[in-house]
Amino acid sequence: MTHLEAGDRIDAVQPARVTSPVTGLTSAEVAQRVAGGQINDVPVRSSRSLAEIVRANVFTRFNAIIGVLWVIMLAVAPIQDSLFGFVILANTGIGIVQEWRAKKTLDSLAVIGEVRPTVRRDGKATEIATSGIVLDDLIEIGPGDKAVVDGVCVEADGLEIDESLLTGEADPVVKQPGDRIMSGSFVVAGGGSFQATRVGREAYAAQLAEEASRFTLVHSELRTGISTILKYVTWMMVPTAIGLIISQLVVKDNELKDSIARTVGGIVPMVPEGLVLLTSVAFAIGVIRLGRKQCLVQELPAIEGLARVDTVCLDKTGTLTEGGMDVTGLRVFGDGDGDEAYIRRVLGELGSADPRPNASLQAIIDAYPDTTDWRLTDTLPFSSARKYSGATFDEGAGGETVTWLLGAPDVLLEQRDPALAETVRMNEQGLRVLLLARVREGVDVDDPEAPKGVRPAALVVLEQRLRPDAADTLRYFAEQDVRAKVISGDNAVSVGAVAAKLGLSGTAVDARGLPADRDAMAGAMDEGTVFGRVTPQQKRNMVGALQSKGRTVAMTGDGVNDVLALKDADIGVAMGSGSEATRAVAQIVLLNNSFATLPSVVAEGRRVIGNITRVATLFLVKTVYSVLLAVLVVISQVEYPFLPRHLTLLSTLTIGVPAFFLALAPNKERARPNFVRRVMRYAIPGGVLAALATFATYLLAREYYTGAGSLEAETSAATLTLFLISIWVLAIIARPYTWWRIGLVAAMGGAFVVVLVVPWLQHFFALKLVGMTMPWTAAGIAVVAAGMLELLWRRVDRRLPD
């Protein structure tokens, strides 16, 4: 895409082929363009296709390794030595099914939250799907709307567009007919219409929308950490497996089939094949659970990211308060312009002058409907940066032309104006106050100097509706040691009063006095809790200042003034009823508009991170002891102690089944960083101890047993030691204990006992403990190793804090 400068005109673009810029295309012209393929045909996907899901779950590096070994074992060994292959098939099937369920959930939610632009056809404005736009369509836009295709401005009424997401230009650009409107930009003030000049794959919006809505597993510390671990595991596996193959097939003079079986038995457990599966399943089930609560996760790692957040920045309007407001009072100044009846008429006219009123103006429209026939000659839409709107009226019938402004009193009035004292008093009660003021004669409404020297006419008092669940949500964040910062464009005192009603205490700061320096601003952000009169650019700077101090920041909002901050925050959370622009850049969209859903997202993220850390330790302990056992076998020039069936049994009982339950269990533990270090500091000592104890038992058994069947007896003794250590690792990982965790560990132990005592299972798994001395010796070695492991892990906890 060619780089564009803010405000570029496209005078070279031919005039629209629309019969009339007022009526838009006709139905016949739309049909003609559809037939010609001039449609916005780029699919906006919220998830991977079924084919991509199957491919991603089946064609993996480790599945390829296991698949080859499985085919070999099916050819040379009994079926029980090929069980590991059937386990992989089951795991892959589970992964596909769960991600498919997550896909359906995401797709259904994406339809609910889909952007539906307003298109004018046959003279009528109609909302259609983005994919329904055709070339030359006339698209209406207003505050918060995002341009979904490239086009040229046809109508403009105070139209200001923010192109910062594309050009980096921070200031909104005023658009006039003939100016280019770039897809991906959004309206911050005013309204108008533009004609589509590039649709489908030619428009940058198609790429932007698809990328924003893509189901992805990337950019996650958890996923990146697991990938790093698997890379190192692969490096360890290759030389170890080669050494094991040479040792078993060349050095040892065994029967070929038995040597192959034991070689495969040594290689298979090195692969932590279920770790990636369980991570994907945990994330997918998280999406499904949140989907049931009308929470659309547009980027999957957002579940994890929000669990790591330590600072949440909240926009007041639409987050702590409901979108609507009520006019509760009108204070007309005695020396102002006219009586209360006249002021009501002025307010009614101001309301009708804006085709897309915000919540404050809508409350005024509801309270003071337009009852006059004054002629509107000029308007200035509300802007978050200006903090006021305005209009010029010709009152007719001998009346005069008057320009009025409606906005923040502390922006429109001088600091010493007595009206401000009354405003402050009402702000302290949590009320929102707007000033109606008359502009000096001869000054245009859109003149930047218009606010200077205005004559106050009245104060309009508005009461905001607090969200009933906001106080509980703020309390939850406080209990979880997550700092809340309220950042609003409203008066700081008023916002502070609202926050206080919700139980959020702290200093209220007027953002106009904040330092521009990032470090100084970060210090002010640490000290304050509520910030008022914040401009959209300041919101963005505040997020950056917090991040510069190592904070993980989430930003919530619903208005166009929140877009820049939402985009820069670590996690952006938008309300479903918010503007198109906020929903497009946010990672999480609360379709039910309930701020109270956020604790569920945090809890889901903590469940995923905490539980995956648990099960990763289980898998990697097995990988470490498998690699070390293979190395010891190669050095000692002895038969590998296990057949594949033995390690399939151990993996199923001490890792596979319990890991599935542990990965999906509730977990409220706060997310901690350094995933790889935290997992490996337990996995390495656990795996080393397990390998040394198991190999010691195996060597003792080789000395103890002689004659026919000795190898099976030696294997059984070594299997007992390895199982007892592995079940103790599981018992440690399962802490803190609950009734079901204790039951899970006991059930796995009981299942192994059943295998040892049931004759046909003994034969199936080639496990039979011979005599009394060696089995008790094996158990004793396991107990000593388990005790050492307990002490070692506790020492690791003390010496290597997170």
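Nothing here was measured: the structure is a model prediction, and the numbers come from that model.

Digging into the sheet that holds strand S9 (residues 311-314)
Then comes step 1: One open sheet accounts for 8 strands, arranged S8-S21-S20-S19-S9-S16-S18-S17; its pairing is mixed. Edge positions in the sheet fall to strand S8 (295-297) and strand S17 (508-510), since each has one partner strand and no second. Adjacent strand axes in the sheet meet at a mean angle of 20 degrees, parallel and antiparallel pairs treated alike.
Then comes step 2: As paired strands, S9 and strand S19 (residues 553-557) are joined by 4 bridges and run parallel to one another. When the bridges of S19 are listed, Thr 311 appears paired with Val 553.

Looking at the pairing of strand S2 (residues 124-127)
Then comes step 1: Sheet topology note: the strand S1 (residues 118-121)/S2 ladder contains 4 bridges and is antiparallel. Its bridge partner lying in S2, Val 119 is registered against Thr 126.
Then comes step 2: Between the antiparallel neighbours S1 and S2 lie 2 residues, among them Asp 122 with a positive phi of about 55 degrees.

What to know about the pattern of salt bridges
Then comes step 1: Here the structure, examined in full by the defined rule, presents 26 salt bridges.
Then comes step 2: A salt bridge links Arg 483 to Asp 526; its shortest N-O distance comes to 3.0 Å. Pair noted here: Arg 483 is in strand S16 (residues 483-487) and Asp 526 is in helix H17 (residues 518-527), with a separation of 43 residues, a long-range link.
Then comes step 3: In this structure Arg 483 comes out as partly exposed when scored by relative accessible area, which is 23%.
Then comes step 4: Asp 526 sits in the partly exposed class, given a relative accessible area of 37%.
Then comes step 5: Here Glu 790 and Arg 794 are joined by a salt bridge, their closest N and O atoms 3.3 Å apart. Highlighted residues: Glu 790 and Arg 794, both in helix H27 (residues 773-799), separated by 4 residues, approximately one helical turn.

Remarks on the packing of aromatic side chains
Then comes step 1: If you walk through the whole model with that rule in mind, you get 12 aromatic pairs.
Then comes step 2: Taking 5.8 Å as the distance between ring centres and 50 degrees as the angle between the ring planes, the aromatic pair formed by Tyr 342 and Trp 374 counts as tilted. You can see Tyr 342 sitting in helix H11 (residues 340-353) and its partner Trp 374 sitting in the loop between helix H12 (359-367) and strand S11 (375-380), a full 32 residues away along the chain.
Then comes step 3: Looking at Tyr 342, the relative accessible area reads 14%, which means it is buried.
Then comes step 4: Of the residues examined, Trp 374 reaches a relative accessible area of 13% and is grouped as buried.
Then comes step 5: Residues Tyr 682 and Trp 793 carry aromatic rings whose centres are separated by 5.3 Å and whose planes lie at 70 degrees to one another, so their mutual orientation is edge-to-face. Of this pair, Tyr 682 sits in helix H23 (residues 675-704) while Trp 793 is found in helix H27, placing the two residues 111 residues apart along the sequence. Exposure class is identical for Tyr 682 and Trp 793. Each is buried.
Then comes step 6: Members of the aromatic cluster, connected to one another through ring pairs, are Tyr 342, Trp 374, Phe 393 and Trp 404.
Then comes step 7: Of note, Lys 231 hangs over the ring of Tyr 232, and the distance from its end group to the ring centre comes to 5.5 Å.

Conventions adopted
The numbers attached to residues start from 1 for each chain and follow its sequence in the written order. Reporting of local features is limited, given that this is a predicted model, to residues whose pLDDT is at least 70; pairs of side-chain atoms are given and counted only at 80 or more, and all residues count toward the totals for whole chains, interfaces and linings. Values reported for side chains reflect all heavy atoms of the structure, with hydrogen atoms and water molecules removed beforehand. Pairs of strands are assigned from DSSP output, requiring at least two bridges between the strands. Each helix corresponds to a stretch of at least 4 residues labelled H or I by DSSP, and each strand to a stretch of at least 2 residues labelled E; elements are numbered beginning at the N terminus. To get an axis, fit a line to the C-alpha atoms, keeping to the stretch in contact for a helix; angles then go from 0 to 180 degrees between the N-to-C directions. For salt bridges, the criterion is a side-chain nitrogen of Lys or Arg within 4 Å of an Asp or Glu carboxyl oxygen. For every residue, the accessible area obtained with a 1.4 Å probe (protein chains only) is divided by the maximum for its type, and the residue is called buried under 20%, exposed over 50%, and partly exposed between those limits. Side-chain rings of Phe, Tyr and Trp (the six-membered ring for Trp) are treated as a pair once their centres are within 6.5 Å; stacked means planes under 30 degrees apart, edge-to-face means over 60, and tilted covers the remaining angles. Note on geometry: a ring has a charge over it if NZ (lysine) or CZ (arginine) is within 6 Å of the ring centre and within 35 degrees of the ring normal.

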